[in-house]
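# Per-entry structural report
Next come the chains, spelled out residue by residue.
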Amino acid sequence: MEPFFLFAQFEFTHGVGPGPGRYLVAPDRDRDDPGASLARGEPHRTLGTTLGTGQADVLVVAVHGANRAPFRLRRKARPADPAAGVEEVPVLLAAYVEASTPIGQADAARRRLDEIAGDEALQQRWIDEGLDVLNRAIRAYRAGAGDPYLLEVARRDARVVRIGYATTTQVADGRWTEALEIPPPPGGRQRRARVLAPAEAVADAMTGRLPVLECEDLLLRVHLDLDHRRWRAAALQLAAAAALLATELPGDDRAELAEAGAALARVACERPLDDAEIEEVEALLHRARRVVEHRRATLVRG
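Nothing here was measured: the structure is a model prediction, and the numbers come from that model. (Residues numbered from 1 in each chain as written. Predicted model: local features only at pLDDT ≥ 70, side-chain atom pairs only at ≥ 80, totals over all residues. Heavy atoms only, no water.)

Take the overall build of the protein chain next. What the protein chain contains, in helices and strands, is ten helices and six strands. Counting only carbon and sulfur atoms, one obtains 53% of the accessible surface of the protein chain, whose full area is about 18,800 Å². (Helix = DSSP H or I, 4+ residues; strand = E, 2+ residues; numbered from the N terminus. Areas by Shrake-Rupley, 256 points an atom, 1.4 Å probe, with all protein chains shown as cover.)

What follows is the structure, encoded as structure tokens:
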């Protein structure tokens, strides 16, 4: 009888980078330092030839749904058939599978799932771990493909999130024995101005009334790096963003921000940031965001 494995599965209506297949996930001890296993004289932990069932977790990517038409080389555009309508799109399923902990009996797997069903904090830990693994794969694919437009995903990007258990055969096909569909987290009430802000920003940028500053893109990348615990990258991005902010919106307070960001970047290049320095990165980021938001509010009111 095949063993069962717990999994967290994310369903997308778009490609996220890595193609269909099984990707072994390095054990926790090697994640932060992929050279550690080599230093111990061991094979690299992510090579499929060195690990078997029960020795590592797995990321499984599968594509299901609409059959895509075979690729044909066309040298000219052709008229679109108005009767054809919009084609259905395939669904991509990315599952983080706890393959390092096989469960021998269905009853035991069901008890584990029941425990998860009754604990929202445990559900969130599974989702966070699954997204962390998937985003590491996306980053690796982006680096290998040299494609800057492939971005990490968040919980809200998935059409459906499931946690369940399945056999090896089932999970490879995107199926399961039993699973829970995890609802999205409830959104807190937002002020009307906050809800309308993105649409207003689009309208202002498209009409040329309030172009988006280049530093705003960099500031958002700092947020992303902080979310993924890339402290050194966050500090260096912040330094660049603060310097650009001081260029685009000159002022003494902006110059001070740029100097503080540059100092943190120098530290990040010399050694890992400590907790206090990470908090300083976050504080400087919020100060820079307030400057940008004040500029927007002032110009819109004007």
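This is not the end of the story, as more comes after the structure.
Non-glycine residue Arg229 carries a positive phi angle of around 60 degrees. Of note, Arg229 is situated in the loop between α7 (214–227) and α8 (231–248).

What follows is about the pairing of strand β4 (residues 90–97). In terms of residue burial, β4 counts as a mostly covered element, since eight of its eight residues are buried. Burial along β4 is two-sided: Pro90, Leu92, Ala94 and Tyr96 and Val91, Leu93, Ala95 and Val97, pointing in opposite directions, are all buried. Summarising the sheet, strand β1 (residues 4–12) and β4 pair through six bridges and their orientation is antiparallel. Within the sheet, the bridge partner assigned to Glu11 lies in β4 and is Leu93. Relative to β4, strand β3 (residues 57–65) runs antiparallel, the two sharing eight bridges. In the sheet register, Val63 faces β4, and the bridge partner there is Leu92. (Buried < 20%, exposed > 50% of the residue type's maximum accessible area, 1.4 Å probe, protein only. Pairing = 2+ DSSP bridges.)

Taken as a whole and assessed by the stated rule, the structure comprises two aromatic pairs. Here Phe4 and Tyr165 contribute two aromatic rings whose centre-to-centre distance is 5.6 Å and whose plane-to-plane angle is 80 degrees, an arrangement assigned as edge-to-face. Of this pair, Phe4 sits in strand β1 while Tyr165 is found in strand β5 (residues 160–167), placing the two residues 161 residues apart along the sequence. By relative accessible area, which is 6% here, Phe4 ends up buried. According to the relative accessible area criterion, Tyr165 is buried, its value standing at 0%. (Phe/Tyr/Trp six-rings, centres within 6.5 Å; stacked < 30°, edge-to-face > 60°.)

A separate point is the pattern of salt bridges. For the structure shown, the criterion picks out 19 salt bridges. Arg254 is the salt-bridge partner of Asp253, the closest N and O atoms lying 2.8 Å from each other. On the basis of relative accessible area, Asp253 is assigned to the partly exposed category, the value being 35%. Here the residues in one salt-bridge network are Glu11, Arg159, Arg162 and Glu181, joined through shared partners. (Salt bridge = Lys/Arg side-chain N within 4 Å of Asp/Glu carboxyl O.)

Formed by 31 residues in total, the largest nonpolar core has its most connected members in Phe10, Phe12, Trp126, Leu134 and Ile163. Elements that contribute at least two residues to this core include exactly β1, β3, β4, α3 (106–117), α4 (120–145) and β5. Sequence-distant contacts of Phe10, defined by excluding residues within four places in its chain, comprise Leu92, Leu93, Ala94, Ile127, Gly130, Leu131, Ala158, Val160 and Val161. Grouped together as the second largest cluster of nonpolar side chains are 24 residues, Cys215, Leu249, Val291 and Val292 included. (Core = buried A, V, L, I, M, F, W, Y, C linked by side-chain atoms within 4.5 Å. Contact = heavy atoms within 4.5 Å.)

Here the focus is helix α9 (residues 252–270). For α9, with 19 residues, the first-to-last C-alpha span of 28 Å sits near the 27 Å given by 1.5 Å per residue. When α9 is considered as a whole, its buried residues turn out to be Leu257, Ala258, Gly261, Leu264, Ala265, Val267 and Ala268. (Expected span 1.5 Å × (residues − 1).)

The next point concerns the pairing of β5. Each regular strand shows side chains that alternate between the opposite faces of the sheet. By the criterion of burial, β5 is predominantly enclosed, with eight of the eight residues buried. The two faces of β5 match: Val160, Arg162, Gly164 and Ala166 on one face and Val161, Ile163, Tyr165 and Thr167 on the other face are all buried. Here eight bridges tie β1 to β5, and the two strands are oriented antiparallel to one another. Bridged to Glu11 within β5 is Val160. In the sheet, β5 pairs with strand β6 (residues 178–181) via four bridges, with the strands oriented antiparallel.

In this section: α8. Owing to its 3.6 residues per turn, the α-helix aligns residues three or four sequence positions apart on the same side. Taking 1.5 Å as the rise per residue, α8 with 18 residues should run 26 Å; its terminal C-alpha atoms sit 25 Å apart, in good agreement. Looking at α8, one finds that the buried residues are Ala234, Ala235, Leu238, Ala239, Ala241, Ala242, Leu245 and Ala246.

Looking now at the sheet that holds β4. Read across the open sheet, the six strands follow the order β2-β3-β4-β1-β5-β6; overall the sheet is antiparallel. Edge positions in the sheet fall to β2 (21–25) and β6, since each of these pairs with one other strand and no more. For this sheet the average axis-to-axis angle between neighbouring strands, irrespective of direction, equals 20 degrees. Sheet analysis places β2 next to β3, joined by five bridges and oriented antiparallel. When the bridges of β3 are listed, Val25 appears paired with Asp57. Taken strand by strand, α3 contacts β1, β5 and β6, and its axis lies near 160 degrees from that of β5. Relative to β1, α4 is tilted by about 70 degrees, and along the sheet it contacts β1, β2, β3, β4 and β5. (Axes fitted to C-alpha atoms, helices over the stretch in contact; angles between N-to-C directions.)

Next up on the list: the confidence of the model for the protein chain. On average, residues of the protein chain score 84 in pLDDT, and 82% of them are at 70 or above. Predicted confidence is poor over residues 29–51, with pLDDT under 50, and the contacts of this stretch with residues over four places away or in other chains come to 33 contacts. (pLDDT = per-residue confidence, 0-100.)

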